[in-house]
Amino acid sequence: SMKLPRRTLLVLCGPAGSGKSTFAARYFSAIPTMVVSSDYCRAMICDDPTNQQVNRDTFDVFHYIIRKRLFNGRFTVADSTALHAEARRKLWELAFHFGYLKCLVVFNVSLATCLERDRLRERQVGSQVIEYHIRLLQKALQEIPAEQWDRVYVLNEDDMEATIEIDP
Ligand code: ATP
Ligand code: MG
């Protein structure tokens, strides 16, 4: 169960196909704008949520929107893979700058499950990318304890149920 203050940045972290966006859509369906998605930012600037040529601009937009939300005191979910320490550090620092609770949700999902879920969806990332993401996930799980998150929730694939309450 996650009981979170209004001023929380909830950072999702996990491989492609691990269920981040599904989790976000499920738990934040009441106010979907709480979820800021890097894929959506990518699509907004180039009409293609898979175009890797626009990474820099995508993350500029992603961080810019998150910054504006935190400035406005809004509860925010950052939906990106956040598998690189540098990506997590940027989000951590945004939350720190605005005095936000820094929360990380790690999607600890196996390679087999990510591949299976990827296979069943419309837009596929492919096995090479997912294998790379799984290696980054293992590295992230080792690095995260030293990163000074206020809270870390590690979700396992057979137990992704959560109760999320945001203080009024
Ligand atoms: P990406 O990083 O590529 O955006 P993601 O982590 O956001 O991936 P989703 O798009 O949420 O992953 O999920 C990938 C596929 O897995 C979807 O088809 C979704 O329906 C399915 N899925 C997600 N979560 C679960 C779950 N808990 N159980 C079964 N299937 C799931
Ligand atoms: Mg997603």
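The structure we're discussing is the one just above.
Residues numbered from 1 in each chain as written. Chains lettered and ligands numbered in written order. Predicted model: local features only at pLDDT ≥ 70, side-chain atom pairs only at ≥ 80, totals over all residues. Heavy atoms only, no water.

Novice: I'm lost on the overall build of the protein in this one. Help?
Specialist: Looking only at helices and strands, one finds six helices and seven strands in the protein. Along the protein, helices (α) and strands (β) appear in the sequence β-β-α-β-α-α-β-α-β-α-α-β-β when read from the amino end. For the protein, the spread of C-alpha atoms along the three principal axes comes to 40 × 35 × 30 Å. Looking at the protein as a whole, 45% of its 168 residues are labelled buried. (Helix = DSSP H or I, 4+ residues; strand = E, 2+ residues; numbered from the N terminus. Buried < 20%, exposed > 50% of the residue type's maximum accessible area, 1.4 Å probe, protein only.)

Novice: What should I look at first to understand the site of ligand 1 in this one?
Specialist: Looking at ligand 1, there are 13 residues lining it, with G17, K20, S21, T22 and R121 nearest. Here an oxygen atom of ligand 1 and a backbone polar atom of G17 are 3.0 Å apart. One nitrogen or oxygen atom from the side chain of D39 is found 3.4 Å from an oxygen atom belonging to ligand 1. For ligand 1, whose free accessible area comes to 640 Å², the fraction covered by protein is 69%. Here the element with the most residues in the shell around ligand 1 is helix α1 (residues 20-27); it accounts for three residues. Of the residues that constitute the shell around ligand 1, the class distribution is three nonpolar, five polar and five charged. (Near = heavy atom within 4 Å. Polar contact = N/O pair within 3.5 Å; in protein donor to acceptor, adjacent residues only side chain to side chain. Areas by Shrake-Rupley, 256 points an atom, 1.4 Å probe, with all protein chains shown as cover. Nonpolar A, V, L, I, M, F, W, Y, C, P; charged D, E, K, R; others polar.)

Novice: Honestly, the environment of A162 in this entry has me stumped. Any pointers?
Specialist: Residue position: A162 is located in the loop between β6 (151-156) and β7 (164-166). Put simply, A162 and S38 are 124 residues apart on the chain and 23 Å apart in space, counted from C-alpha to C-alpha. Not counting residues up to four positions away in its chain, the partners in contact with A162 are M2, F23 and Y27. (Contact = heavy atoms within 4.5 Å.)

Novice: Is there a simple way to think about the packing of helix α5 (residues 111-119) against helix α6 (residues 127-143) in this case?
Specialist: For any two helices packed against each other, the geometry comes down to the angle between their axes and how far apart the axes lie. Running from N to C, α5 and α6 cross one another at 145°; their axes reach a closest spacing of 10 Å. Crossing geometry of α5 relative to α6 is assigned as right-handed. Counting all contacts with α5, which are made through L111, C114, L115 and D118, the residues of α6 involved are S127, I130, E131 and I134. (Axes fitted to C-alpha atoms, helices over the stretch in contact; angles between N-to-C directions. Left-handed = near helix turned anticlockwise from the far one by under 90°.)

Novice: How should unusual backbone geometry be read in this particular structure?
Specialist: For residues that are not glycine, phi is negative in most cases, and the peptide bond is trans in most cases. Non-glycine residue A82 carries a positive phi angle of around 45°. Counting through the fold element by element, A82 comes out in the loop between β4 (76-79) and α4 (85-97). For Q148, which is not a glycine, the phi torsion comes out positive at approximately 65°. Structurally, the position occupied by Q148 is in the loop between α6 and β6.

Novice: Help me out: how do you make sense of the pairing of β4 in this one?
Specialist: Side chains on a regular strand alternate between the two faces of the sheet. By the alternation rule, side chains of β4 split into T76 and A78 and V77 and D79, which are all buried. Direction of pairing for strand β2 (residues 8-13) relative to β4: parallel, over a ladder of three bridges. Considered in β4, the bridge of L9 is made with T76. Judged from the three bridges that link them, strand β3 (residues 35-37) and β4 form a sheet pairing that is parallel. Across the sheet, residue V36 finds its bridge partner in β4, namely A78. (Pairing = 2+ DSSP bridges.)

Novice: What is the right way to look at the sheet that holds strand β5 (residues 101-108) in this model?
Specialist: Strands pair in a sheet through their backbones, by hydrogen bonds, and they do so in one of two ways: parallel or antiparallel. Strand order in the open sheet formed by five strands is β3-β4-β2-β5-β6, with parallel pairing between adjacent strands. Looking at strand neighbours, the two that pair on one side only are β3 and β6, the edges of this open sheet. When strand polarity is set aside, the average angle formed by the axes of neighbouring strands in this sheet is 20°. With respect to the sheet, α1 is in contact with β2, β3, β4, β5 and β6, its orientation differing from that of β2 by roughly 145°.

Novice: Looking at this structure, how should I read the packing of aromatic side chains?
Specialist: Scanning the model with the defined rule gives five aromatic pairs in all. Aromatic pair F23 and Y27: ring centres 4.7 Å apart, planes at 50°, arrangement tilted. Placement of the pair is F23 and Y27 together in helix α1, with a separation of four residues, close to one helical turn. Between W92 and F96, the aromatic rings sit 5.3 Å apart at their centres with planes inclined by 15°, giving stacked as the arrangement. Residue W92 and its partner F96 are located together in helix α4, separated by four residues, close to a single helical turn. By relative accessible area, which is 17% here, W92 ends up buried. Among the residues examined, F96 registers a relative accessible area of 54% and is labelled exposed. Three or more aromatic residues joined by ring pairs form one cluster here, namely F23, Y27 and F107. (Phe/Tyr/Trp six-rings, centres within 6.5 Å; stacked < 30°, edge-to-face > 60°.)

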